[in-house]
Amino acid sequence: MDALLNWLWQGGVVAVALRLMLFSLERASANVRYVVCWAAALFVIALPALPLLQSTPALPDAFRATQSEAIVLLPEAWWTSTLVMLGAWTLWASIQIGRFVSAIVAIRRARARSRALPSDAESVLPYWRRVRRDRRRATLVLSDSVATAAVLGWGAPMIAVAPSLVRTLDAEELDRVLIHEWAHVQRRDDLVNILQIVVRIIAGWHPALWWIDRRLHVEREIACDEITVALTGSAKAYAQCLLKVASLRGAPPTMRTAPAVFTPATLRARVIKILSPHGSIAPAWSRSIAAAIVISLSLISVGVSGLIVVEATALALPSVPSRMLTTTLARVAPNALPTRSLDGLTDRSPRPTRARVSSSARGPQAEQPAASSTPRAEPDAPPTTEVASHVDATPAAEAGAEPAAREPIPDVRPIPLEGSDVRTEPPQSPWSAAATAGNAVGRKSRDAGVATAGFFSRFARRVAGSF
């Protein structure tokens, strides 16, 4: 579960880095950006497995991830448990698999119900007639299952055109639409789209992969637009054609997995790219920049894969150490006073007053240990199973008189655990315990921050040293 929580922010770091680096490829071809986005998606998917590279001896030190302490501590609750995470992923995967299966059924049904385009309508399409037999061939058909035009996969590729589109567009505009779909066939987007759907089923709920998936759709359509403009030659006329197609109804939900000529979410970006006044950079430069971006993303992925920022832990308030099996109100040193076994408890008589006698007056008996210097337990201390009676050595006892009996003092001693010292700690209030827990979390967060800063400093020095 900790690996899943850290994967979320690690993938977010890779996605943010990709977004910033794509600014340097704004004037490159869309196919280059498309490849870079695919590389970033693969890096995000591989993030949980990248820490295993630390055990590889041949890996350079600059590519090794550094483990660190967690900075954010989440409580171990039901919403952070592995079972809940697994249940949420199962629900997501089930929904996506259901949509995928329904899309396959719809495409197969559309292929079965399609019909060939009339030859007289095909004869007035010069660009289509020129490329229809080049490289990967596709069949041109009419289908009522599509809204505009789309490539029907799961077999020999078919370019399906809606009858309403044939009636709405003129021959020149229809020819450009067919060239766009032919570009999808040559790029094998119908096959790559299956891989993209599988990634969406497995980890499409990840915010970084969700954004990269949308970016892949945009770049794929722009790449086909660039091929269309390169073959037909008129960017402005093609942009007007796209705006005209946008006025038609949208595609059915079950057919949205097929590469189509029109996607509402990508229309604005496509028109801006088509009508952009800025020229494209040289292909060699764009490929070099793309290679540098892929290498940078790989370094960032390896660097963040070893950082443990989020951790689920049990945040318990500190309690008083339970080293004592019993509590005592006073501590009585053993064998400090002369004791006498009694058969039972005597009456509660007041403690006789001890007279202070100088050492010279007491005579030889003054050599006995003084009992007054030894702390005594209070008379109302709870009794124990073993009771000892302590009798003060009073002046009357020294003179031979019978000492006055008093209530025996229970010998209550703490029972320490084996190997531990005996200490009695006062209980803490709830506010003191909460303050202690907050101080502990703060110290741990500070240490984790210092470890993170140290890792990035070492990583920067290694990268700078490589140049």
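Residues numbered from 1 in each chain as written. Predicted model: local features only at pLDDT ≥ 70, side-chain atom pairs only at ≥ 80, totals over all residues. Heavy atoms only, no water.

Colleague: Please clarify how the overall build of the protein should be interpreted in this entry.
Modeller: Along the protein, the regular secondary structure elements total 15 helices and six strands. The buried share among the 467 residues of the protein stands at 36%. Sequence separation of 24 or more characterises 80% of the internal contacts of the protein that already satisfy a separation of 6 or more. Accessible surface, the protein as shown: approximately 26500 Å² in total, 61% of it carbon and sulfur. (Helix = DSSP H or I, 4+ residues; strand = E, 2+ residues; numbered from the N terminus. Buried < 20%, exposed > 50% of the residue type's maximum accessible area, 1.4 Å probe, protein only. Contact = heavy atoms within 4.5 Å. Areas by Shrake-Rupley, 256 points an atom, 1.4 Å probe, with all protein chains shown as cover.)

Colleague: Could you clarify how one ought to interpret the sheet that holds strand 4 (residues 149-152) in this entry?
Modeller: By way of backbone hydrogen bonds, the strands of a sheet pair with one another, either parallel or antiparallel. Spatially, four strands are ordered 2-3-5-4 in an open sheet, and the strand pairing comes out mixed. Each end of this open sheet is capped by a strand with a single partner; those strands are strand 2 (115-116) and strand 4. By the bridge criterion, two bridges tie strand 2 to strand 3 (residues 139-142) in an arrangement that is antiparallel. The residue bridging Arg115 from the neighbouring strand is Leu142, located in strand 3. (Pairing = 2+ DSSP bridges.)

Colleague: Honestly, the nonpolar core in this entry has me stumped. Any pointers?
Modeller: Within soluble globular proteins, side chains that are nonpolar generally end up buried alongside one another. Core analysis: the biggest nonpolar cluster contains 40 residues, and Ile159, Leu165, Val177 and Leu178 have the highest contact counts within it. Those elements that provide at least two residues to this core are helix 3 (82-113), helix 5 (126-131), strand 3, strand 4, strand 5 (158-161), helix 7 (171-187), helix 10 (235-245) and helix 11 (267-274). Broken down by element, the residue count for this core peaks at six residues, all from helix 7. Once you skip the residues sitting within four places of it in the chain, Leu178 turns out to touch Leu125, Trp128, Leu140, Ile159 and Val161. Membership of the second largest hydrophobic core comes to 27 residues, among which are Val44, Leu47, Ala203 and Val302. (Core = buried A, V, L, I, M, F, W, Y, C linked by side-chain atoms within 4.5 Å.)

Colleague: Please explain helix 11 as it appears in this structure.
Modeller: Think of an α-helix as 3.6 residues a turn; residues three or four steps apart then line up on the same face. Along helix 11, the positions that sit buried rather than exposed are Leu267, Arg270, Val271 and Ile274. Buried positions in helix 11, seen along its axis, are confined to an arc of 95 degrees and lie on one side of it. (Arc of directions from axis to C-beta.)

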